[in-house]
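Residue-level listing of the chains:
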Amino acid sequence: MSALILIELNGSEVSANSRAALTAALQLSDSVDALVLTNDSANASSAASMSGINTVKTIVDDSLEHANVEVASKLIADVMSDYKFLVSGSSTYSKNILPRVGALLDVQPISDVCEIKSSNTFVRPLYAGNVMATVETSDDTIVMTVRATAFEHAEDGGSAALEALSPAMPESNSTFISLQESQSERPELTTAERIVSGGRGLGSKDNFAMIEQLADKLDAAVGASRAAVDAGFISNDYQVGQTGKVVAPKLYLAVGISGAIQHLAGMKDSQVIVVINNDPDAPMSRMADIVWQVDLFDALNELNAYQV
Ligand SMILES: Cc1cc2nc3c(=O)[nH]c(=O)nc-3n(C[C@H](O)[C@H](O)[C@H](O)COP(=O)(O)OP(=O)(O)OC[C@H]3O[C@@H](n4cnc5c(N)ncnc54)[C@H](O)[C@@H]3O)c2cc1C
């Protein structure tokens, strides 16, 4: 009953998602290997240093610098003949690849697992997190993604064996053209300890800069509601919620966000929720640990001017 985790890299480093996947995999099996698809064999070393992995299998090919989903899913499905479980962190990367792996293996992937009850029974959210469903699978091979906010992030401290695999690279009908990534010095949204998030209440892109200013002051990541994204205040990489990122920081500061269920689905597991909103009946105010019921511009001016 061995498990394989699919490693997602940020540059040469293992992502927080994959560290959560390792913790989940270790709850399923004593024997956990990792798979790295990369264009540079040196990228396997950060996976090998995570504690709890037996062997890091690598497939190295120039074309894997930007893993093409058709190629990646076939490579992973072939490796899965040795494993009962495939575990990956919930992310755009895994959402792209694992459904195809499931199709190739003819099994039903289970997404966004938040709790492992047994080797075939898992808890996952439905209806934007308003219902937690316990699901049981009878598939022989179990393909799953896990929420990085629901599992500890495995630490370094291991020295896994490295094994290079050399499969023939599958054919693909699609070709990588280019990647446009937003660059930021701020903490990454899904793993940040503090998030300052702005909503429609900010009123304009220029005003949204006050959110970014406060985030920099607090060494926090910037988040946004979908209304703020749709209004063009900030790009959709920053959207928190059902159709955005799922976060669980120590501090979530929501400014001018009403707290629609689709937004709450992405941040309700935050440890401390602070709300700046002039509407005491906003759902966000009702679920907050601290509500500052003021005009948000007064609050942001005061906070941004505050000298620590
Ligand atoms: C299928 C689907 C998926 C969705 N996915 C997401 C998602 O992933 N993430 C998401 O966020 N939304 C999502 N939405 C949209 C969601 O339903 C809401 O429309 C959206 O979250 C509202 O954003 P908001 O809170 O910024 O805006 P509003 O609801 O308009 O709230 C603005 C808030 O600002 C406050 N405010 C205004 N001016 C001031 C001021 N001067 N001082 C203080 N407070 C002020 C108001 O009191 C209000 O509470 C989704 C919707 C659908 C249908």
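The name given to the protein in an unreviewed UniProt entry is Electron transfer flavoprotein subunit alpha, with Candidatus Pseudothioglobus singularis PS1 as the source organism. Taken directly from UniProt, the Sequence similarities (unreviewed entry) text for the protein runs: "Belongs to the ETF alpha-subunit/FixB family." Heading Function (unreviewed entry) of the UniProt record for the protein holds this comment: "The electron transfer flavoprotein serves as a specific electron acceptor for other dehydrogenases. It transfers the electrons to the main respiratory chain via ETF-ubiquinone oxidoreductase (ETF dehydrogenase)."

Participant: Which parts of the structure should I look at to understand the site of the ligand?
Facilitator: Around the ligand sit 24 residues, and of these Arg 200, Ser 225, Thr 243, Ser 258 and Asn 277 come closest. At a separation of 2.6 Å, an oxygen atom of the ligand approaches a polar side-chain atom of Ser 258. When contributions to the shell around the ligand are tallied by element, the ones reaching two or more residues are helix 6 (226–230) and helix 7 (261–267). Of the residues assigned to the shell around the ligand, the class counts are six nonpolar, 14 polar and four charged.

Participant: Explanation requested: the side chain of Thr 121 in the structure shown.
Facilitator: Among the secondary structure elements, Thr 121 is positioned in strand 9 (residues 121–126). For Thr 121, the side chain forms a polar contact with the side chain of Ser 118, separated by 3.2 Å. Residues within four places of Thr 121 in sequence aside, it is in contact with Ile 116, Thr 134, Val 135 and Glu 136.

Participant: Please clarify how the packing of aromatic side chains should be interpreted in this entry.
Facilitator: Inspection of the entire model under this criterion finds one aromatic pair. Relative to Phe 233, the ring of Phe 208 has its centre 6.3 Å away and its plane inclined at 45°; by these criteria the two rings are tilted. In this pair, Phe 208 is assigned in helix 5 (residues 205–217) and Phe 233 in the loop between helix 6 and strand 15 (251–255), connecting sequence segments 25 residues apart. Using a relative accessible area of 8% as the deciding quantity, one classes Phe 233 as buried.

Participant: What's the story with the sheet that holds strand 9 in this structure? I'm lost.
Facilitator: Through backbone hydrogen bonds, the strands of a sheet pair up, either in parallel or in antiparallel fashion. The antiparallel open sheet is built from three strands, whose spatial order is 8-9-10. Single-partner strands in this sheet number two, and they are strand 8 (115–118) and strand 10 (131–136). The mean angle between the axes of side-by-side strands here comes to 35°, regardless of whether they run parallel or antiparallel. Bridging between strand 8 and strand 9 involves three bridges; their strand directions are antiparallel. Across the sheet, the residue bridging to Ile 116 is Phe 122, located in strand 9.

Participant: Would you take a moment to explain the UniProt feature "domain: Electron transfer flavoprotein alpha/beta-subunit N-terminal" (unreviewed entry) in the protein for this structure?
Facilitator: In the numbering used here, UniProt assigns the feature "domain: Electron transfer flavoprotein alpha/beta-subunit N-terminal" (unreviewed entry) to residues 3–180. As annotated, residues 3–180 comprises 24% helix and 31% strand, and the C-alpha atoms at either end are separated by 33 Å.

Participant: Sorry, what's going on with the pattern of salt bridges here?
Facilitator: Oppositely charged side chains can pair when the atoms bearing their charge come close. Under the criterion given, the structure shown has seven salt bridges. Glu 115 serves as the salt-bridge partner of Lys 117, at 3.5 Å between the closest nitrogen and oxygen. A salt bridge links Arg 186 to Asp 216; the nearest nitrogen and oxygen atoms lie 2.6 Å apart. Taken as a pair, Arg 186 in the loop between strand 12 (161–165) and strand 13 (194–198) and Asp 216 in helix 5 lie far apart in primary sequence, 30 residues in all. A relative accessible area of 46% means that Asp 216 is categorised as partly exposed.

Basis of the calculations
Residues numbered from 1 in each chain as written. Predicted model: local features only at pLDDT ≥ 70, side-chain atom pairs only at ≥ 80, totals over all residues. Heavy atoms only, no water. UniProt positions renumbered as here; feature names shortened; annotations may be inferred. Near = heavy atom within 4 Å. Polar contact = N/O pair within 3.5 Å; in protein donor to acceptor, adjacent residues only side chain to side chain. Helix = DSSP H or I, 4+ residues; strand = E, 2+ residues; numbered from the N terminus. Nonpolar A, V, L, I, M, F, W, Y, C, P; charged D, E, K, R; others polar. Contact = heavy atoms within 4.5 Å. Phe/Tyr/Trp six-rings, centres within 6.5 Å; stacked < 30°, edge-to-face > 60°. Buried < 20%, exposed > 50% of the residue type's maximum accessible area, 1.4 Å probe, protein only. Pairing = 2+ DSSP bridges. Axes fitted to C-alpha atoms, helices over the stretch in contact; angles between N-to-C directions. Salt bridge = Lys/Arg side-chain N within 4 Å of Asp/Glu carboxyl O.

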